[in-house]
Structures are given as structure tokens and as C-alpha cells.
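Listed here are the chains, written in short residue letters.
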Amino acid sequence: MSGRLRWGLRARLVVAFVAVAMLGAVVTTIYSSVSLTSQFAASARTRLQSSATHFGDVAAVVSSRGRWDLQSIQTLHHLAQIDSLAVRLFDAGGQLVFTHPPSAAVQPGAAASAPVMVGRRQIGRVTVSRDDGRLFTAEEVQLREQLTRMQMVAGATSAAIALAAALYLAVTLSRPLRRIRAGAEAMGAGDLDARVPESGDAEIRAVAEALNGLAETLRQEERLRKESVADLAHELRTPVMGLLARIEAAQDGVLADEAANLAAMHDEALRLARLLDDLSALADAERPGLLLSVEQVDLAALADTQVGLFTGSFADKGIALSSDLEAAIVDGEPKRLEQIVVNLLSNALRYTDPGGRVSVVVRAAGDDVVLEVTDTGIGISADDLPHVFSRFWRGEKSRSRATGGAGIGLSIVRELVRAHGGQVAVESVPGEGSLFRVVIPQAARPRSV
Ligand SMILES: Nc1ncnc2c1ncn2[C@@H]1O[C@H](COP(=O)(O)OP(=O)(O)OP(=O)(O)O)[C@@H](O)[C@H]1O
Ligand SMILES: [Mg+2]
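From a predicted model like this one, the values you see are computed outputs, not experimental measurements.

Things to note about the overall build of the protein chain
Broken down by element type, the protein chain carries 10 helices and 11 strands. In terms of C-alpha radius of gyration, the protein chain reaches 51 Å, well past the compact-globule figure of 22 Å for 449 residues. C-alpha atoms of the protein chain, sized along the principal axes, occupy 160 × 60 × 40 Å. Residues classed as buried in the protein chain amount to 24% of the 449 residues present. Sequence-distant contacts, at least 24 apart, represent 70% of the contacts inside the protein chain between residues at least 6 apart.

Some remarks on the packing of helix 8 (residues 334-350) against helix 10 (residues 409-419)
Put simply, helix 8 and helix 10 touch, their axes get as near as 9 Å, and they point 145 degrees apart. In the packing of helix 8 onto helix 10, the handedness of the crossing is left-handed. Residues R336, Q339, I340, N343, L344, S346 and N347 of helix 8 touch helix 10, and the partners they reach there are G409, L410, I412, V413, L416, V417 and A419. By residue class, the composition of the contact of helix 8 with helix 10 is eight nonpolar, five polar and one charged.

Notes on the sheet that holds strand 3 (residues 111-118)
An order of 2-1-4-3 is seen for the four strands of this open sheet, with the pairing classed as antiparallel. Looking at the sheet topology across the chains shown, the edges are occupied by strand 2 (96-100) and strand 3. Ignoring strand direction, the axes of neighbouring strands in this sheet form an average angle of 15 degrees. As paired strands, strand 1 (residues 85-91) and strand 4 (residues 121-130) are joined by seven bridges and run antiparallel to one another. From the neighbouring strand, V87 faces strand 4, where its bridge partner is V128. Against the sheet, helix 2 (residues 9-62) makes contact with strand 1, strand 3 and strand 4, and its axis sits at roughly 30 degrees relative to strand 3, the strand it touches most.

Some words on the site of ligand 1
Around ligand 1, a shell composed of 24 residues is seen, among which R394, G395, G405, G409 and L410 lie nearest. Among the secondary structure elements, those contributing two or more residues to the shell around ligand 1 are helix 8 and helix 10.

Details of the pairing of strand 11 (residues 433-441)
Sheet topology note: the strand 9 (residues 368-375)/strand 11 ladder contains eight bridges and is antiparallel. Counterpart to T374 in the pairing with strand 11 is L435.

Topic: the sheet that holds strand 11
Within the open sheet, the five strands sit side by side as 6-8-9-11-10. Their pairing is mixed. The open sheet is flanked by strand 6 (320-325) and strand 10 (423-429), the only strands paired with a single partner. Going across the sheet, the axis of each strand differs from the next one's by a mean of 10 degrees, ignoring polarity. Relative to strand 11, strand 10 runs antiparallel, the two being bridged by seven bridges. Looking across to strand 11, one finds that E427 is bridged to L435. Against the sheet, helix 7 (residues 299-317) contacts strand 6, strand 8 (357-365) and strand 9, and its axis sits at roughly 170 degrees relative to strand 6.

A look at the nonpolar core
Ranked by internal contacts, the top residues of the largest apolar core, which has 43 residues, are L299, A303, I340, L344 and V413. Only helix 7, strand 7 (329-332), helix 8, strand 8, strand 9, helix 10 and strand 11 provide two or more residues apiece to this core. In terms of residue count, the dominant contributor to this core is helix 8 (seven residues). Counting 19 residues, the second-largest nonpolar core is a separate cluster that includes W68, A80, V126 and V128.

Here is what the cut-offs are and how they apply
- Residues numbered from 1 in each chain as written.
- Chains lettered and ligands numbered in written order.
- Predicted model: local features only at pLDDT ≥ 70, side-chain atom pairs only at ≥ 80, totals over all residues.
- Helix = DSSP H or I, 4+ residues; strand = E, 2+ residues; numbered from the N terminus.
- Rg over C-alpha atoms; globule rule 2.2 N^0.38 Å.
- Buried ≥ 20, exposed ≤ 12 C-beta atoms within 10 Å, placed from the backbone.
- Contact = placed C-beta atoms within 7 Å.
- Axes fitted to C-alpha atoms, helices over the stretch in contact; angles between N-to-C directions.
- Left-handed = near helix turned anticlockwise from the far one by under 90°.
- Nonpolar A, V, L, I, M, F, W, Y, C, P; charged D, E, K, R; others polar.
- Pairing = 2+ DSSP bridges.
- Near = placed C-beta within 6 Å.
- Core = buried A, V, L, I, M, F, W, Y, C linked by C-beta atoms within 7 Å.

Listed below in C-alpha cells is the structure:
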């Protein structure tokens, strides 16, 4: 574990940077030293060759009829001394005529030779090298060493700069990562209010934003969960307390009207049963692989039946219920599709005041089937809109209503619509009304009539 930490981003960056800088320095040094050496050698050989040619010319001039007497040899000797050269002169027969110094040890490749020509006749050959037998002069050797030293200094400098740059980059890169890690750890430890600063490079910012988004979602889910449990406890408490009170009153014998008491107890029990039904319906709707027996269903006919069943309730409340239904076939489970329509209609009924209007529309739109339930009810505020499909969420107004539900109806709708491969959306203006729109893909092959 600690080994992995040691070889973190920072170490890897530093090693990579320094390695690249060193490699660059080494390659440059080798390349320039090889090319410099060959350049130096070429110019030294040219120099030697011209010395040899020159010496050959002089040897020709001082010779007499292709031979060299003592005086001419002395002249050549002086000349070689002045030029610091080691010289060997051969006659036309290849016999050594003259050598200076007497035994010069010559490095391989550090000598040049030239013919000794009188007119067009070759009377001999000279071999010339430097008198120390080396190809390069001391200055040249020194210059080469100096250049190599300079290259090494340049290499070391660039490695040092690379190291500094890598350290700087590693620190600036890993600092925001460390901040993100600290934030993520805080979130992991349960502090869902912790946030990561959304600054720095685009990539880092994107990660920070994603992490903060995740924390926000978790926080909301957590809040919702707490609220849900509280709501559920509250929902259950009211009918249970009512029941308890009535049972105790019956036990104490303080009841005036037993029949009315029983009816009220029945109502409370019904409310409990409905709540439990809703809860199990939601659990059911959230189950994966929900649809067991899919068939082709005409959503219009299905909606028509429900509108018929609801007519009485709407009329009782003084709300006008109308429908505009165009045959549209979807692949689905009739019971589940029915539940979608029922939940939307019961909301419209519950959240619309007497005198209002509710309409149900089913129509085909492209490859989809659209079901719309529109009301002129209390509406939903823009702040509340994103929450209406959340489990147990209820608007403030519906909470205060005695008739309010448990906040489950729309969650069931969303799950059922999803199971049918569709989507549900809502548009609403507070005080004016709401429109719930369900879009489900049309059946693959329309049913033959
Ligand atoms: N047609 C509507 N008009 C205005 N507000 C609505 C409408 N439908 C839903 N809402 C709001 O959305 C909330 C959630 O709706 P949902 O159907 O999930 O729960 P509910 O109706 O309160 O209870 P339940 O359906 O479980 O009996 C409601 O409490 C209400 O505030
Ligand atoms: Mg409802």
C-alpha cells in the first residue's frame, strides 16, 4: 500500500520528466560528439594530406635527377623540424631514403602520403604525420574535451530544470486531486454537506462538479428518506391513534352511538389498508422485470373505461370531466396501464376545486402514444415540480388537506411508465392548473382490426 503511495502521480511525473531530459541530453551529447570528432578528424587529415603534398613538392625540388644528396636531405630534415612533422621519404624503388625523427611511432590513420613527382615522373613517395604520431594537435584535443564538458553541463542543467518543472507540475496537479480526495473522504464518512472547490483545470473542475453533484443527490435522497420515514410514521399514526381512541372509548363504555363508532373505525381501518396497498403497489412498481404478461393494449379504450368509472366522483365534486380519445396501441400490461390513468385522474380530482375542469387526451404522435391529463386545479410551484415524482413527496398544500394522500401515486406512475419504456412529464402553473403527459412507444405491430 505504502509502496503504491510512494509511486504516486508526483513520483511518476518527476521520473518521466527527468528521464526525458536526461535522454535528450545524452542523445545530443553522443550525436554532437560523434559528428564533432569526425569533423575534427576530417580537417586534421586534410591538413596532413596538404603537408604531405607540400613535402613531396619540396622533395622533388631539392632532388637532383631523382636522387637526394646529403645537402638536400639536410634541407628536408630542417623543413620537417620547422613544421613539427615526422617524415619518411622513399625513392622510386621503395627504398627508405630519409626518416625524421629516426623512429616515429604513428597512430593508425594519423599519416598521409603523397608521390614525389618531377614533371610526369614519380621519383619517390613521402609519408607524413605529426611528430608526436597523433592525428590531433593538443589544442584540438583540449577543445574537444572542453566541448564535451560544456555538453555535460548543459545536460545536467536541463535535467535539473526538468526536475524543477516536474516537481512544480506534480505539486500543482496533485494539490487539487488531494483536495478532491479529502472532499470525497468527508462525503464517504457521512458529511454530505462537504463540497469540493470547483476550480483549477477543466478536467479537475469537471471531476469536482461531478462529485459535488453526486453529494447533492445523496444529500437530497438522504433528506427524502428521513422525511419519508417521518411521513409514513405520521400517516400510520393518525388512523391508528383514531382506532385506539375509539377502542378505548368502547372499552370504557363511554360511547353514545356504537354504530357510528364502528363506521368511523371502519373508515380508519380502510385508510390504513389503502395506505398499505399503496406501499405494496410502489414496492411492486419498483421491482425490476415488472411487466409479466405484455399484450397490445388500446390506451384510448382503457382510458375511456376509467373516465367512465370516475365520472360520478367528478360530478359529485362539481368538476367537469371531458375526454378526447383516439385509438392508440401500446405493448403493455392492462392492469398497470390502468393504474397510471387512475393515479393521474385521482390527483386531478383531489387537487382541483369545485367548478374546475379536467380533460383526458389520448393520441398517437409519431412512434409514440401520448396520454395527457389536464386540470384547472391548484397547480404546482416551480420549486416543487422537480419533486412531484419522488416517493412520499407531497406539496405543502396537499399536506394540510385532510384528504391528502401519502405521496406515492406519482412515484408509482413514474415506475410504471418506465417499465413500459416511456416517460412522464409535468407542466404546471400555480393557481391555474397542471398537465401530466405520459409518452409510451407505440406497439411494434398494430393489432389487426
Ligand atoms: N394534478 C395535480 N395538481 C396539483 N398538484 C399535484 C397534482 N398531482 C400531484 N400533485 C402534487 O404532487 C404531490 C405528489 O403526488 P402523489 O400523487 O405522488 O401523492 P399524493 O396524491 O399526495 O398521495 P397519493 O397519491 O399517494 O395518495 C401531491 O401531494 C401534490 O402536492
Ligand atoms: Mg396522488
